[in-house]
Structure formats: structure tokens, C-alpha cells
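Here is what each chain is made of, one letter per residue.
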Amino acid sequence: VAWGYNYVQARDKWEWRPSYDDEIRSGRWTRVLDAGAGTCSLDAQFRRRGLRDRVLLMAFGFYDCSMARLCAERGSLIWQWDWLRPLPVCRACGFDLVFQAEGVHHTPRVKPGGPGTEGLPLQYLGHGVCDFGGRVADCREPNWARALAHLGAHLACNGTLHLQDKIGKVSRPPRLGADAADRAGDGPEAAEAAFPRCWLDYARAWAEREGMAVVEHRGYCLRSRRRFAADKQPKGTLVVRKAACAVHGKALSEAQSCRVAREQRGPSRPLPQGTGIDGLALRGHRAWAQAGRTLVNGNIVVKL
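Residues numbered from 1 in each chain as written. Predicted model: local features only at pLDDT ≥ 70, side-chain atom pairs only at ≥ 80, totals over all residues. Heavy atoms only, no water.

**Section: the packing of aromatic side chains**
Between two aromatic rings, the relevant description is the distance of the centres plus the angle of the planes. Throughout the structure, instances matching the rule amount to 7 aromatic pairs. On the basis of an interplanar angle of 70° and a centroid distance of 5.4 Å, the ring pair of tryptophan 16 and phenylalanine 46 is categorised as edge-to-face. Taken together, the residues tryptophan 16 in the loop between α1 (2-7) and α2 (18-25) and phenylalanine 46 in helix α3 (residues 41-48) connect sequence positions 30 residues apart. You'll find tryptophan 16 and phenylalanine 46 in the same group, each marked buried. The rings of Trp16, Tyr20, Trp29, Phe46 and Phe99 are connected pair by pair, giving a single aromatic cluster. The side chain of arginine 85 reaches across the aromatic face of tryptophan 81, ending 3.7 Å from its centre. Directly above the aromatic system of tyrosine 202 lies the positively charged group of arginine 209, at a separation of 5.6 Å from the ring centroid. (Phe/Tyr/Trp six-rings, centres within 6.5 Å; stacked < 30°, edge-to-face > 60°. Helix = DSSP H or I, 4+ residues; strand = E, 2+ residues; numbered from the N terminus. Buried < 20%, exposed > 50% of the residue type's maximum accessible area, 1.4 Å probe, protein only. Lys NZ or Arg CZ within 6 Å of the ring centre and 35° of its normal.)

**A few points about the confidence of the model for the protein chain**
For the protein chain, mean pLDDT is 76; residues scoring 70 or higher make up 65% of the total. Across residues 176-192, where pLDDT falls below 50, the model places 22 contacts with residues more than four positions away in sequence or in other chains. Ignoring residues within four places in sequence, the model shows residues 267-304, a span with pLDDT below 50, making 61 contacts including any to other chains. (pLDDT = per-residue confidence, 0-100. Contact = heavy atoms within 4.5 Å.)

**Quick look at α2**
Of all the residues in α2, the buried ones are Tyr20, Asp21, Glu23 and Ile24. In a view along the axis of α2, the buried residues occupy a sector of 160°, so they form one face of it. Phi turns positive, to about 90°, at glycine 27, one or two residues after α2. (Arc of directions from axis to C-beta.)

**Quick word on empty space enclosed by the protein**
A probe matching the size of a water molecule, rolled over the atoms, marks out where space remains unfilled. Inspection of every chain in the model, using the stated rule, returns 2 cavities of 30 Å³ or more. Approximately 120 Å³ is the volume found for the largest cavity. Lining the largest cavity we find Trp83, Gln100, Val104, Thr107, Trp144, Ala147, Leu148, Leu151, Leu163, Trp199, Tyr202 and Ala203. Elements with a minimum of two residues in the lining of the largest cavity: α5 (141-152) and α8 (199-209). Among the elements that make up the lining of the largest cavity, the one with the highest residue count is α5 (4 residues). Here the residues of the lining of the largest cavity sort into 10 nonpolar, 2 polar and no charged. (1 Å grid on protein atoms, 1.4 Å probe; cavity = no way out; pocket = protein on both sides within 12 Å on 5 of 7 lines; lining within 4 Å. Points joined across faces, edges and corners; volume = space filled by probe spheres on them. Nonpolar A, V, L, I, M, F, W, Y, C, P; charged D, E, K, R; others polar.)

**Overview of the pairing of strand β6 (residues 135-138)**
Summarising the sheet, strand β5 (residues 129-132) and β6 pair through 4 bridges and their orientation is antiparallel. Each residue of the ladder has a partner; that of cysteine 130, found in β6, is alanine 137. The hairpin formed by β5 and β6 contains 2 residues between the paired strands, and glycine 133 there has a positive phi angle of roughly 65°. (Pairing = 2+ DSSP bridges.)

**Overview of the sheet that holds β6**
Pairing is antiparallel across the open sheet formed by 3 strands, whose spatial order is β4-β5-β6. For this open sheet the edge positions go to β4 (123-126) and β6, each flanked by a neighbour on one side alone. In this sheet, adjacent strand axes meet at a mean angle of 35° when their direction is disregarded. Contacting β5 and β6, α5 crosses the sheet at an angle of about 70° to β6. (Axes fitted to C-alpha atoms, helices over the stretch in contact; angles between N-to-C directions.)

**Describing the state of the cysteines**
A full pass over the atoms with the stated rule returns 4 disulfides. Disulfide pairing places cysteine 90 opposite cysteine 93 at an S-S distance of 2.0 Å. Because the sign of the S-S torsion sets the handedness, a value of about 100° for the bond joining cysteine 90 and cysteine 93 places this disulfide among the right-handed ones. For cysteine 93, a relative accessible area of 13% translates into the label buried. (Disulfide = S-S within 2.5 Å.)

Given below as C-alpha cells:
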């Protein structure tokens, strides 16, 4: 029942902001990346609201083939990818919105000898904390960094990155107990209180280092002994915006930045035969059919 409610029923995504519809209808947003699309519910929402023809949507990420099948039955394109790897799109491909909901908590901890730890000194200290050659941090931090870098690399000028998920596991700062770690004060405790203990802390610090403006920040990394029901777990939201484009060192207005971004992307062209899955995903199932692919009862036949 829960699976059907979360992934099958035709209902709007509560994480979606009404202002995003306005950005698409106004033409300011023309390209959207749905990172961790699941059963393509965002694509279905666009169609119900009459937005699908206004935006080029690229979607990736699902748990298993049952989700991919639901996307096919909806006539939606999706491909499987891991955001711990660079996205398989051109370096200049930028999105006005990178939307991620309910997926960050799947980011795994790094393990000695595991992927992404080659040449990295690593010692597990317990409570979700690792020693990276004298620097103590959450064991998920290297993978958070990779995921954010890969998603942020494809934000267009003035592009928006929307991250929403349950807080998930909260790491305990070293040398402090669980209760002391949740109190901010003076001296050492204040320093340890700044320790990024969940994805929300780290993502905000990353965005600020990248010079992005924080549009919305809700939630906090709370370590609690209380057990929450699956639908009642504390959640966090972070929405950040990339800086505007600049030409010869001069900052541009939002409208100018959008125009520059469109010029950099170039005009849309008909899809030739044999176009790769990444190119097709940007243009939707109608363009796929026009490119010579096959639609069977609304299902897309994908040959990779």
C-alpha cells in the first residue's frame, strides 16, 4: 500500500514549489534535471499541469526495474545512473533546475579500500565519523562532495539546485556525547557544534563555498534517541541558486544571464537517427517517436 501511494498514484509532489511552475510558464526555466526520478512522477505532474511541452526534461535514477516499467507505462524516459559518477552529458549542458527529492539519504559511507578512497588515508572512529589523515569528518563526506560537485557542475547561469530529503543518520562529533553535541555554547563545544553531522549541514557549507545564494533552508541535523515512523522522520530542504553569468567581468541581470545561457546551449535541432539516450531524454517521448523510435501502447522500447 505504501509503495503504491508513494510511487504509483497520480498526485503532485509536495516538495515542488508553486513558484517553479511560474518560472517554467514564463520561459525563464527551459531545462530541468530530475535527479533520482523514481517512477517519473515529476514528468507526470508536468503533464497534468500543462508544463511538459514547455520544458526539456532529463530524468535518471530508480530503485529497480519495477520503477522503470512505471515510467515506460507513463510514456516517460528515464535512465539509470549514479550521481557519484559524473553525469554523461556534455560539459556545457546546463539545467535551470536540478531537482532532487528523497534520495540524498542513500549516499553511502566510504569504506577503507572502497570506491573513491584510492590513496585516501581513512580510519573509522565510530558513530559515523572517520579520520581522513588527521582531518575528522562524517564518513559520508567524500561522497556528498562528489554528488554535489556532479550535480552542481551542470547548473546553468542563475540555475537552482533543490535538495529535499529526510535527515537520515546523524554522525556524532568526536569527543562529545550525543546530548552535548546537540547544544551550542562557548569554547570547544561551539566548535564541535559546527561539525557537519548530516547532508543538510554539508550541502549548505558546500553551496556557500561555491558562492551560491541560499534561497531556502529548512530543518536541522538533530540526533535523537526517539524512533520515528517512516512517514514522520525529520526532513530537511535546501534550495540554492548559482550566480549570474558574467561577460568580461561584468555581472549580468537575470534576463541577460538566461539569454547568454540559451546562446551557449545553441538552438534546438531535430534528433538524428541513432542519437544517444542522454540526448533523447532531454526532449521527451514525442521527439523519440519523431526520431524513428517505437511507441507501443504508450510504452517506450529502449535499445541500448
